[in-house]
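Read off the chains here:
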Amino acid sequence: MNDRSPEFDLLLVDDHPIVSAALEPLIKAIEGASVIGIARDGEEGLSLYQKYKPELVIADIDMPKMNGVTLAKKIKKINPDSKIIFITSHSDLNTLVEAMDIEVNGFIFKENAMADIQSSIIEVLKGNKYHCKEFEKFINLQEEKIKEIRMNRDLVKSLTKTEMQILQLIAIGKTSPQISESLFKSIKTIENHRYNICKKLQVTGNNQLLAFAFKNRQQLER
């Protein structure tokens, strides 16, 4: 493909060497492309970004040490105009929604990455967004779940620091007496907090609260 000019620097961040090895020659086949580095995790990716300030970062979402979402947030703090394309899978909808809300420039699925990588880079560097067809189909199928995730996330944001601590402990199965002991507060105080948490999360009773905490456990850990 000779659709891109002038030269541009690109950083590839993926913890699977086979994926990186397959994508690198396809990226280099784009006119002007310069792969300035290949990182194996988010921490290494951030270090290379800070060193080279590439125009475009292509990152896996699920990685050790620092995932792609955290990496993208840190990059956006350094340079809000930085361009980022995520390579992702269907594995974790909560993380995918968080990634979508960062306003990155593109999403491609890992299983179709070799077919989509060149088109995604060219479109993003033109200033366009790029979502592969499979990603769009997946998001449309998960529309209601995505709405629920975002609604629950907004409800959780209304909690105070203490209420969040209590909900996190509920999510790992702690009872009120155990939470009382952990936070050095009376059981009555914990029960009052539980009541207020239920009101804010729009749930009724301890069973619904427990169900909410378990279902949204991943969001509570962020």
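The shown structure was predicted, so the numbers you read here are calculated from the model rather than taken from an experiment.

### Section: the sheet that holds strand 5 (residues 106-109)
- Ordered by their spatial adjacency, six strands build an open sheet running 2-1-3-4-5-6, and the pairing between neighbours is parallel. One side of each edge strand has no neighbouring strand; the edge strands of this open sheet are strand 2 (33-39) and strand 6 (130-131).
- Pairing between strand 1 (residues 8-13) and strand 2: six bridges, direction parallel. Bridge pairing links Val13 to Ala39 in strand 2.
- Contacting strand 1, strand 2, strand 3 (56-60) and strand 4 (83-88), helix 1 (residues 17-28) runs over the sheet at an angle of about 165° to strand 2.

### Details of the pattern of salt bridges
- Tallied over the full model, the rule gives 12 salt bridges.
- Here Glu144 makes a salt bridge to Lys147, at a shortest N to O gap of 3.8 Å. Linking Glu144 with Lys147, this pair stays in helix 7 (residues 143-157), spanning three residues, or about one helical turn.
- By relative accessible area, which is 57% here, Glu144 ends up exposed.
- Owing to a relative accessible area of 47%, Lys147 belongs among the partly exposed residues under this scheme.
- With its nearest N and O atoms 2.6 Å apart, the salt bridge here joins Lys215 to Glu148. Separated by 67 residues along the polypeptide, Lys215 in helix 11 (residues 205-215) and Glu148 in helix 7 bring together distant segments of the chain.
- With relative accessibility at 30%, the residue Glu148 sits in the partly exposed group.
- What emerges from the salt-bridge pattern is a single network uniting Asp14, Asp60 and Lys110.

### Observations regarding the UniProt feature "modified residue: 4-aspartylphosphate" (unreviewed entry) in the protein
- Feature annotation in UniProt places "modified residue: 4-aspartylphosphate" (unreviewed entry) on Asp60, given in this structure's numbering.
- Mapped onto the secondary structure, Asp60 falls in strand 3.
- On the basis of relative accessible area, Asp60 is assigned to the buried category, the value being 3%.
- Among residues more than four places away in sequence, those in contact with Asp60 are Val13, Asp14, Asp15, His16, Gly68, Ile87 and Lys110.

### Re the packing of aromatic side chains
- Counted according to the given criterion, the structure contains four aromatic pairs.
- Between Phe86 and Phe107, the aromatic rings sit 5.8 Å apart at their centres with planes inclined by 50°, giving tilted as the arrangement. In this pair, Phe86 is assigned in strand 4 and Phe107 in strand 5, connecting sequence segments 21 residues apart.
- Owing to a relative accessible area of 0%, Phe86 belongs among the buried residues under this scheme.

### Remarks on the packing of helix 9 (residues 176-183) against helix 10 (residues 187-201)
- Packing of helix 9 against helix 10 brings their axes to within 9 Å, and their N-to-C directions diverge by 110°. Accordingly, the angle class assigned to the pair helix 9 and helix 10 is roughly perpendicular. Where helix 9 approaches helix 10, its residues Ser176, Pro177, Ile179, Ser180 and Leu183 are matched on the opposing element by Ile187, Ile190, Glu191 and Arg194.
- Among the residues forming the contact of helix 9 with helix 10, the class breakdown is five nonpolar, two polar and two charged.

### Quick look at unusual backbone geometry
- Phi at Lys65 is positive, roughly 70°, even though this residue is not glycine.
- Turning to its location among the elements, Lys65 is positioned in the loop between strand 3 and helix 3 (68-78).
- We note that Glu103 has phi near 65°; this positive angle belongs to a residue other than glycine.
- By the element assignment, Glu103 lies in the loop between helix 4 (93-100) and strand 5.

### Quick look at the nonpolar core
- Core analysis: the largest hydrophobic core is formed by 53 residues, its most contacted members being Leu10, Ile27, Ile58, Phe86, Leu96, Phe107 and Ile121.
- The element contributing the most residues to this core is helix 5 (residues 113-125), with six residues.
- Once residues within four sequence positions are removed from consideration, Phe86 is found in contact with Ala59, Ile61, Gly68, Val69, Ala72, Ala99, Val104, Gly106, Phe107 and Ile108.
- Formed by 19 residues, the second largest nonpolar core is a distinct cluster that contains Leu167, Ile179, Phe212 and Ala213.

Criteria and cut-off values
Residues numbered from 1 in each chain as written. Predicted model: local features only at pLDDT ≥ 70, side-chain atom pairs only at ≥ 80, totals over all residues. Heavy atoms only, no water. Pairing = 2+ DSSP bridges. Helix = DSSP H or I, 4+ residues; strand = E, 2+ residues; numbered from the N terminus. Contact = heavy atoms within 4.5 Å. Axes fitted to C-alpha atoms, helices over the stretch in contact; angles between N-to-C directions. Salt bridge = Lys/Arg side-chain N within 4 Å of Asp/Glu carboxyl O. Buried < 20%, exposed > 50% of the residue type's maximum accessible area, 1.4 Å probe, protein only. UniProt positions renumbered as here; feature names shortened; annotations may be inferred. Phe/Tyr/Trp six-rings, centres within 6.5 Å; stacked < 30°, edge-to-face > 60°. Parallel < 35°, antiparallel > 145°, perpendicular 65-115°, else oblique. Nonpolar A, V, L, I, M, F, W, Y, C, P; charged D, E, K, R; others polar. Core = buried A, V, L, I, M, F, W, Y, C linked by side-chain atoms within 4.5 Å.

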